[in-house]
Amino acid sequence: MSRFKHAINSPHTQQWIERVGKLILNFSAIELESIHWFVQLAEREFEIKSIVEIPFAPRVTQVMRHVDERKTNDRWRKQSLRRWNEALKLAHLRNQVAHNPIIFGWSQVPEVGEPNVLGIPNVRARRASNAEWLLSTEHADKSINFMVEIAKTLAELRIEWCAARDQGKVPPVRATPSLWYKFRRRIGMAMYTFKNRCGA
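*Asks:* I'd love a proper account of the overall build of the protein, names of residues and values included.
*Replies:* Counting its regular elements, the protein contains six helices and three strands. If you list the helices and strands of the protein from N to C, you get α-α-α-α-β-β-β-α-α. Within the protein, the fraction of its 200 residues that count as buried is 36%. In the protein, of all internal contacts separated by at least 6 residues, the share reaching a separation of at least 24 is 69%. Counting only carbon and sulfur atoms, one obtains 58% of the accessible surface of the protein, whose full area is about 12,300 Å².

Take a look at the structure:
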């Protein structure tokens, strides 16, 4: 613990500060797309009213269910599900960065130049295997750009679906929630809360 050093406005961390900011900001574009998709594909008032209660992962799970139910074609379905699964993986990265302490460091000796590793002790983890997590400059930069790519592709796929819907080429939505939907939603929210408490 004696190797930890505290510094205010350290020049070594400037590039990492920019990276962390970009990770949060770029992912917010995906977060916004999840809301757009939810509203457009659900079209059910009882679901749309609940959107403020639903965190990102459970919201995307519902979006993916709507993708299956209201697909325009198999190509659109496969591309949409692939992109949303990639978004869920990036959500884990964003959450690790946003909700844990951040430590800048070097993977080599001597410690010169820009820190090339972002260390994130996962203080919410309950298992030792989840307690430490490192993010390299290369991984961060790739993820930052990938977030933009995913957000753009999701926007294109959403616009494509809306055009097909307006032409009457997508299956209609059910008007009322089924008991099975209500049950699955409660189970999904309970599992999400449990995972958060366990630091999964």
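Additional details are given in the paragraphs that follow.
*Asks:* Outline the packing of aromatic side chains, supporting the account with residue identities and numerical values.
*Replies:* The tally for this structure, following the rule as stated, stands at three aromatic pairs. Judged by centre distance (5.7 Å) and plane angle (10°), the rings of Trp37 and Trp76 are stacked. On the criterion of sequence distance, the pair formed by Trp37 in helix H1 (residues 14–42) and Trp76 in helix H4 (residues 74–98) is long-range, its members being 39 residues apart. The pair Trp37 / Trp76 is uniform in exposure class, with both members buried. Between Trp37 and Trp84, the aromatic rings sit 5.6 Å apart at their centres with planes inclined by 85°, giving edge-to-face as the arrangement. Of this pair, Trp37 sits in helix H1 while Trp84 sits in helix H4, placing them 47 residues apart in sequence. Each of the two residues, Trp37 as well as Trp84, counts as buried. Members of the aromatic cluster, connected to one another through ring pairs, are Trp37, Trp76 and Trp84.

*Asks:* Quick rundown of the pattern of salt bridges? Include the residues and the values.
*Replies:* Going through the model one piece at a time under the given rule, you end up with 14 salt bridges. Among the salt bridges present, the one from Glu31 reaches Arg94, with a minimum N-O distance of 3.5 Å. Residue Glu31 is found in helix H1, and its partner Arg94 is found in helix H4; the two are separated by 63 residues along the sequence. Between Glu149 and Arg83 there is a salt bridge, with its nearest N and O atoms 2.9 Å apart. Of this pair, Glu149 sits in helix H5 (residues 137–166) while Arg83 sits in helix H4, placing them 66 residues apart in sequence. On the basis of relative accessibility, which here comes to 40%, the residue Glu149 falls in the partly exposed class. Connected through shared salt-bridge partners, Glu43, Arg70, Arg165 and Asp166 make up one network.

*Asks:* Provide a residue-level description of the packing of H4 against H5, including the pertinent values.
*Replies:* Running from N to C, H4 and H5 cross one another at 145°; their axes reach a closest spacing of 10 Å. In this structure, the crossing between H4 and H5 has a hand that is left-handed. Contact residues: H4 offers Arg75, Trp76, Gln79, Ser80, Arg83, Trp84, Glu86, Ala87, Leu90 and Leu93, while H5 offers Ser143, Phe146, Met147, Glu149, Ile150, Thr153, Leu154, Leu157, Glu160 and Trp161.

*Asks:* A description of the side chain of Ser143 should follow, citing residues and the corresponding values.
*Replies:* With respect to the helices, strands and loops of the structure, Ser143 is situated in helix H5. In this structure Ser143 comes out as buried when scored by relative accessible area, which is 5%. Setting aside chain neighbours within four positions, we find Ser143 in contact with Leu23, Leu90 and Leu93.

How each quantity is defined
Residues numbered from 1 in each chain as written. Predicted model: local features only at pLDDT ≥ 70, side-chain atom pairs only at ≥ 80, totals over all residues. Heavy atoms only, no water. Helix = DSSP H or I, 4+ residues; strand = E, 2+ residues; numbered from the N terminus. Buried < 20%, exposed > 50% of the residue type's maximum accessible area, 1.4 Å probe, protein only. Contact = heavy atoms within 4.5 Å. Areas by Shrake-Rupley, 256 points an atom, 1.4 Å probe, with all protein chains shown as cover. Phe/Tyr/Trp six-rings, centres within 6.5 Å; stacked < 30°, edge-to-face > 60°. Salt bridge = Lys/Arg side-chain N within 4 Å of Asp/Glu carboxyl O. Axes fitted to C-alpha atoms, helices over the stretch in contact; angles between N-to-C directions. Left-handed = near helix turned anticlockwise from the far one by under 90°.

Limitation: the analysis is restricted to geometry and does not speak to function.
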